[in-house]
Amino acid sequence: MTTLLPDINPSKSPSDPNLYRHIQLSNGLKVLLIQDTQATRTNKASYIFGNESEDENSDSDTEPDAQADGQTESKLKGEKGNSDDSDDVDNSDSNSEEEEEEEAGERKASCSLTVGCGSLFDPPTHPGLSHLLEHMLFMGTVPYPSENHYDRTLSKWGGYDNAYTEMEHTVYYFDVDQSHFFQGLDIFRHFFSTPLLSQGSLGREIKAVQSEFDISLTSDSSRLQQLLCHESDESHPFHSFSWGSEASLNSDPELLNAELRKLFDQYYYAKNMRMTVIGGFDLSVLQRRVENMFNIIPSSPRLKSPYTLDNSTVPAKSSVNNLGCPFSNLSTLNYVIPLKSRHTFNLTYQLPSQTGKYKCKPTDYISHLLGHEAKGSVLTFLKERNLAQSIYAGVGGSGYEDSSGWCLFCVSVEMTEKGVEEWKFILEVIERYISMIQTPLPEYIWEEMKVMSDLRYKYQEVASPLDTVEALGEEFSPALAYPLERILDGQTLFEYREDEIKEVLEGLKNPRIDIMSSKWGKDEDFNASSNNASDNEEMPPIEKLDVNPPKPPPPLPDFLDPTKMKVEPYFGTKYWTLPYPSPPATRTEITGLHLPKPNRFIPERFELKELESGEVRHGLVGSKIRICDTKQKKKEFYPANITGCSPEGLNVCYSDDFMSSTTFFIQLDSDQTDYKPGQTLTSDKKRYKIKIDTVGIAPDPNDEFEEEGAKQDFPSIPLKASPNDLPKIGHKSSSVILHYSQSKLFNLPLVEYRLKITPQSDFSVPHCTVLDMLAVWVGDRIAEVGYDASLGNVNYEICNEMDGYVYLKVYGYDDKCLEMVEELMTVFMDGKGGDGWDRCKEELMRRYGNKNFSGSSYATDIRIHNLLKHKVLEKDRLEFLKTLTSEEYEKIAQKLLNNVRVEGLVVGNCVKSDVEACGKLINKILKSSKPASRKVLGVYKLEGETLVTRNRLNPNDLNTTVEIYVQFGPDDVYKRVMVDLMVQLLEESFFDQLRTKEQFGYSVGIDAKWSCGVVGLSFKVTSATKSGPKIRSRIKEFWTWFETTFLVEGGEGGKTFEDNVCSLAKNKLEVYSNLGELAGFLWGEITSGRYEWEAVRLEVTCLRDLYRGGVKGVREFWGKRGGVLEVIVSEVAEEGGREEGKKAYGEVYKGIKF
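Computed from a predicted model, the values in this text were never measured in an experiment.

Novice: Looking at this model, I keep getting lost on the overall build of the chain. Mind explaining?
Specialist: When helices and strands are tallied, the chain shows 30 helices and 36 strands. By residue count, 61% of the 1154 residues in the chain fall in the buried class. In the chain, the proportion of contacts linking residues at least 24 apart, taken out of those at least 6 apart, comes to 82%. For the chain, the accessible area works out to roughly 43500 Å², and carbon and sulfur atoms hold 49% of it.

Novice: What's the story with the pattern of salt bridges in this structure? I'm lost.
Specialist: Side chains carrying opposite charge are able to pair once their charged atoms draw close together. A full pass over the atoms with the stated rule returns 66 salt bridges. Between K875 and D876 there is a salt bridge, with the nearest N and O atoms lying 3.4 Å from each other. With a relative accessible area of 54%, K875 lands in the exposed category. We note a salt bridge from E1126 to R1032, for which the minimum N-O separation is 2.4 Å. Placement of the pair is E1126 in strand β35 (residues 1124-1130) and R1032 in helix α26 (residues 1028-1046), with a sequence separation of 94 residues. Look at E1126 and you get buried, because its relative accessible area is 1%. Within the structure, one salt-bridge network assembled from shared partners comprises D971, R976, D980, K1068, E1085, R1090, E1092 and E1099.

Novice: Please clarify how the sheet that holds strand β28 (residues 806-813) should be interpreted in this entry.
Specialist: The strands that make up a sheet pair up through hydrogen bonds in the backbone, lying either parallel or antiparallel. Sheet architecture is open: 6 strands sit in the order β24-β25-β29-β26-β28-β27, paired in mixed fashion. The outermost strands of the open sheet, each flanked by one partner alone, are β24 (728-732) and β27 (794-800). Within this sheet the neighbouring strands show an average axis-to-axis angle of 15°, counted without direction. Across the sheet, helix α17 (residues 765-781) is in contact with β26 (750-759), β27 and β28; its angle to β27 comes to roughly 160°.

Novice: What's the story with the state of the cysteines in this structure? I'm lost.
Specialist: Think of a disulfide as a covalent bridge from one cysteine sulfur atom to another cysteine sulfur atom. Under the definition given, this model contains 0 disulfides. C407 carries a free sulfur, and the closest cysteine sulfur to it, the one in C410, is 8.5 Å from it.

Novice: Sorry if this is basic, but what is going on with the packing of aromatic side chains here?
Specialist: Where two aromatic rings form a pair, the distance of their centres and the angle of their planes describe that pair. One pass over the structure, following the stated rule, counts 55 aromatic pairs. Where Y459 meets Y813, the ring centres are 6.1 Å apart and the plane angle is 75°; that geometry is what we call edge-to-face. Here Y813 lies in strand β28 and Y459 lies in the loop between α14 (443-458) and α15 (465-475), a separation of 354 residues in the sequence. Ring geometry for F606 and Y813: centres 5.8 Å apart, planes at 90°, overall edge-to-face. Of this pair, F606 sits in the loop between β17 (574-578) and β18 (624-629) while Y813 is found in strand β28, placing the two residues 207 residues apart along the sequence. Feature note: the residues F138, Y150, Y172, F174, F181, F182, F188, F191, F192, F264, Y268 and F281 constitute an aromatic cluster, connected by ring pairs. In this arrangement the basic side chain of K756 is found over the ring face of Y805, its NZ or CZ atom lying 5.2 Å from the centre.

Novice: Please explain the pairing of β24 as it appears in this structure.
Specialist: For a regular strand, side chains alternate in direction, first toward one face of the sheet and then toward the other. Pairing between β24 and strand β25 (residues 736-742): 4 bridges, direction antiparallel. Opposite I729, over in β25, you have H739 as the bridge partner. Here β24 folds back onto β25, and the loop between the two strands holds 3 residues.

Novice: Any chance you could explain the confidence of the model for the chain here in plain terms?
Specialist: For residues with low pLDDT, the predicted coordinates do not support detailed interpretation. On average, residues of the chain carry a pLDDT of 85, and 86% of them reach 70 or more. Predicted confidence for residues 43-105 stays below pLDDT 50, and this span has 209 contacts to residues more than four positions away or in other chains. Note that residues 1139-1144 has pLDDT below 50 and, in this model, 10 contacts with residues that lie over four places away or in other chains.

Novice: So what exactly am I meant to see when it comes to the sheet that holds strand β13 (residues 388-394) here?
Specialist: Taken in spatial order, the 7 strands line up as β13-β14-β12-β15-β11-β17-β16 in an open sheet, and their pairing is mixed. Edge positions in the sheet fall to β13 and β16 (566-567), since each of these pairs with one other strand and no more. Across 8 bridges, strand β12 (residues 343-351) lies against strand β14 (residues 407-415) in antiparallel orientation. Across the sheet, Y349 pairs through a bridge with F409, a residue of β14. Strands β11 (333-336), β12, β14, β15 (512-517) and β17 of the sheet are contacted by helix α7 (residues 220-230), whose axis makes an angle of about 145° with β15. Seen against the sheet, helix α20 (residues 837-850) touches β12, β13 and β14 and runs at an angle of roughly 75° to β13.

Novice: What am I meant to see in the packing of helix α3 (residues 129-136) against helix α8 (residues 253-267) here?
Specialist: If you want to describe how two helices pack, look at the angle between their axes and the distance between the axes. Relative orientation of the contacting elements α3 and α8 amounts to 85°, with a least axis distance of 10 Å. Classed by the angle they form, the pair α3 and α8 counts as roughly perpendicular. Facing L129, S130, L132, L133 and M136 of α3, the residues of α8 in contact are L256, E259, L260, L263 and F264. Across the contact of α3 with α8, the residue classes tally to 8 nonpolar, 1 polar and 1 charged.

Novice: How do you make sense of the packing of helix α5 (residues 181-189) against helix α9 (residues 283-294) when you look at a structure like this?
Specialist: At their nearest, the axes of α5 and α9 sit 10 Å apart, and the two run at 30° to each other. Comparing the axis directions of α5 and α9 gives the class roughly parallel. Crossing handedness for the pair α5 and α9: right-handed. When α5 is examined against α9, the residues F181, F182, L185, D186, F188 and R189 are found in contact with a partner set consisting of V285, L286, R289, N292, M293 and F294. A per-class count over the contact of α5 with α9 returns 8 nonpolar, 1 polar and 3 charged.

Novice: Could you clarify how one ought to interpret the side chain of S518 in this entry?
Specialist: Looking at where S518 falls in the secondary structure, it is placed in the loop between β15 and β16. A relative accessible area of 14% means that S518 is categorised as buried. With sequence-adjacent residues up to four places away left out, S518 is seen in contact with P338, K340, S341, R342 and H343.

Novice: Looking at this structure, how should I read the pairing of β15?
Specialist: Counting buried residues in β15 gives 6 out of 6 residues, a clear majority hidden from the surface. On β15, burial covers both faces: R512, D514 and M516 on one face and I513, I515 and S517 on the other are all buried. With 4 bridges joining them, β11 and β15 adopt parallel strand pairing. Directly across from V336, in β15, lies its bridge partner M516.

Novice: Would you explain the environment of C117 in this entry?
Specialist: Note on placement: C117 falls in the loop between β5 (109-115) and α3. By relative accessible area, which is 1% here, C117 ends up buried. Among all residues touching C117, those that are not within four sequence positions of it are S130, E168, H169, T170, L263, Y267, Y268 and N272.

Novice: How should helix α28 (residues 1075-1087) be read in this particular structure?
Specialist: Residues three or four positions apart in an α-helix share a direction because the helix packs 3.6 residues into each turn. Compared with an ideal rise of 1.5 Å per residue, which puts 13 residues at 18 Å, α28 spans 18 Å between its outermost C-alpha atoms and is within 8% of the ideal. Counting buried positions over the 13 residues of α28 gives 11, a clear majority of the element. Those residues of α28 not exposed but buried are L1075, L1078, A1079, G1080, F1081, L1082, W1083, G1084, E1085, I1086 and T1087. In this structure N1074 caps α28, since a side-chain oxygen of it lies 3.2 Å from the backbone nitrogen of G1076. Once α28 ends, the next one or two residues include G1089, with phi positive near 75°.

Novice: So what exactly am I meant to see when it comes to the environment of A783 here?
Specialist: With respect to the helices, strands and loops of the structure, A783 is situated in helix α18 (residues 783-791). What makes A783 buried here is its relative accessible area of 7%. Sequence separation between A783 and T380 is 403 residues, and the spatial gap between their C-alpha atoms is 9.1 Å. In this view, A783 contacts E373, K383 and Y796; residues no more than four positions away in its chain are not counted.

Novice: I would appreciate a short explanation of the environment of R288 in the present structure.
Specialist: Structurally, R288 is set in helix α9. By relative accessible area, R288 is classed as partly exposed at 22%. Counting along the chain gives 286 residues from R288 to T2, while the straight-line C-alpha distance between them is 10.0 Å.

About the thresholds
Residues numbered from 1 in each chain as written. Predicted model: local features only at pLDDT ≥ 70, side-chain atom pairs only at ≥ 80, totals over all residues. Heavy atoms only, no water. Helix = DSSP H or I, 4+ residues; strand = E, 2+ residues; numbered from the N terminus. Buried < 20%, exposed > 50% of the residue type's maximum accessible area, 1.4 Å probe, protein only. Contact = heavy atoms within 4.5 Å. Areas by Shrake-Rupley, 256 points an atom, 1.4 Å probe, with all protein chains shown as cover. Salt bridge = Lys/Arg side-chain N within 4 Å of Asp/Glu carboxyl O. Pairing = 2+ DSSP bridges. Axes fitted to C-alpha atoms, helices over the stretch in contact; angles between N-to-C directions. Disulfide = S-S within 2.5 Å. Phe/Tyr/Trp six-rings, centres within 6.5 Å; stacked < 30°, edge-to-face > 60°. Lys NZ or Arg CZ within 6 Å of the ring centre and 35° of its normal. pLDDT = per-residue confidence, 0-100. Parallel < 35°, antiparallel > 145°, perpendicular 65-115°, else oblique. Nonpolar A, V, L, I, M, F, W, Y, C, P; charged D, E, K, R; others polar. Left-handed = near helix turned anticlockwise from the far one by under 90°. Expected span 1.5 Å × (residues − 1). Polar contact = N/O pair within 3.5 Å; in protein donor to acceptor, adjacent residues only side chain to side chain.

Here is the structure:
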């Protein structure tokens, strides 16, 4: 019997439109049901409340696979495999050379399931077994034995799936089109009741786990994390290797399979699970479906287990509580050799578990102060002495730090080279600050934190269904242990409890110290030779060209004895453990540290701006209706949209075809304010009858649930938008043009300012380098003000884009955003050096040196360099930066900033007067009213096939990356849509064949590329087991299969074509979940130079035509493809490709103007 749990609706945010119901099934599974009211508005009444003729008692909504032929798993990304350091993140091609920003589409339905089993539960004989089990659940179930059934089916329906393994729990989640949600749930439920766990799949998935681990090998943060585990007490489960690898999972296949089944039987049972379901359905429908489907999961363990999460207690109790802390002696000093150029000072403090302290959150309070960046903070104090560049303090979100058995509080400082020499002083500064905050603190600090926490919750933006279930899946982790009624707001509660804060402060003593610095050399300097993991039988020995001969490593300091160097066994991290430092005999005189002052960026105004053009807010704005004029002879209902509201009435937009529309006003006969789908209204003294199909901003519905194999109907194409709903120009001068859009979708006091600041650059090495330095230097100079602003939820971003402009973004509460725009623009246009400039130069040099440390990133950079005429390589920038002085920087920066052109976008709670004020402000700050001249960016037109091979830059990277780029020509709607469609059609097949069946590598994918106005398609594989030539050849073989099998009449493409076209159209039609998604789409139209505000409508119209024409259109498009660029990054000789300054490919496409 299902039990209702405490009602959580009273605790939801006032801005949260969803409805919630928390239940416990008869088997003990707790399920949080969420009615997505935005999605509900897209569905007709019979769809929302269910069709009683459906077979509610059926265990299966779809026919199971007829074969158990062993195919593929879903595209598991694996959190551990994606652990990259911040140095790897490159924004240089964020606009020119990326996929289009994800466009909003119909809101999907989504589900997550959290299991109380993670890496801590691995048997000591098989580290990584929980991670392997996560992979194996995707490899088929009894009703659906085909390995790739789940992924193939979700892909066809426009869905997505993923999973990740934490220390105490594992989370599985997916989303899919609303009309196929219950079929998706049916496949999903069998993961946890009847998985095959086939021995035939085991070997391939161990290779997938190994490939995932190989990607982590280039991450210094992952290496440091594993070193922490390695140094913990051997008897504690924390002393483990959670990633898993072929070595750690290497045992007799039958024994390993038995251990895998044992782990599943011990921990995968209903009382050890928590589930979240969100969809556009009435809560009763969701409950009925979940009851019928998920009661098949056993209530209790199939086998007795050493650890048990018992959800029958509230909050849930995990036996991990009884494990205690992982270090009996934490206080050690370790010198660690990094892979990259970096200088990091890490302190780790061991505390009792903070589980249950969700109301006070004492560690958050302390991290707020230790990690502060305003005047008087630890970071500002260290930066003023050229000792540090950044700081992080607090308890990380992963199970390593935040556990139901312990808590690890970390302080991490990115040091300068000078800071490495003075790390003891840095330690003393941190300890002095901790001592200072142990005294009674001013009340305003806690008040500010509480006010901002309350405001963030009150004005919380709606997340996408997938983000919602993933976040709630994490909220169910044993370490948080929120009471059931606090699941929604537990993270935001903030009570001041001095005793809990003091208890944590008392524990911040004698930390573990890890100093990771390349000052003594990098990992490659200590390796006699580089390892090559490629298949020897596939790649014959070749002479390795040392394009950049390795420099001799710097001499080790006297205190590091080479004979006492230790090596962590899994990552091979090299380190020394030295005697722990004694407290200094005399305390250094330290002045200048103090608590943060009251924050001027705490917002005070939250009212919504009046709608322009006399419009008023109304509950039916954005609704889809059918309207009938009773005075006409033919009394038929015609589809229409309600696009706005003014004193004249509701603005109705009527369309008699897809491409033209008329508008008129109606006055409703009633004054009601609550509207529902299926309701009938009258207007204008009963002249018009109105039937409501949807309420609010929403796309059209599908009429019925679709059985698997049934043909999908193409979604309705939206009417043309009203001019009032499209962006307009709010300010225009000779140097500044600002577009703006007053959003009616989100009734929140939020706004986004995005600026494209284009100086007079010639794309030379000096200009590109100085613009990079300008972005870094401005970010550093604004840090103190910016940190206060971020605490007031006024956030900013600044970076130099490859297209020759600097991107500036300010977003948050509109009350203070313009103030932050002024701060940023003033510092940006200053163009001067000053104290701290050399420290920022050192930081940028490290970024340049660490760029392309992974082969995958390097392959992308090579492709961009060979495509874009204006691309300047990082190695050339680095050489120039080495000799650049502050005085020379100022001279070049002033020249660049003398003539500047600014184009921007303001979206959200704004009116034209706000935009005009912003424009006048920017004009006042600019040095000159003469704008920078516009230039056309060039993209090389590829001819035939061009092969470029390069040595990987990181000798420790065992991976080979191959990226093959196919060029299709200048951007237009048809090409964009066709490339998106090819990704939709081929992505799953490509992944299935190369990743799962043939184990070419963990990272396998296809992406659409938009390069300065030229459209292309990229096939990319990263592998630690296959050679470059082998991967390249296999991708070409996949093309042959695509041409000769997939695209032929009656082939696989024809069978799935219509479903995939419909799914892509629905994805493009999804309503925006939040302001950032809307702003991202509009900004993409500006930076691309298209200004197609209704691009989605145009693309869906194009898809409709393709839908009618069948797979023939794809075959013709692929047949007309242009040239091909092939990039291989591995341990091979360098050859081919464009060299800097040379024009290798002849003709140049005229791309976008910058």
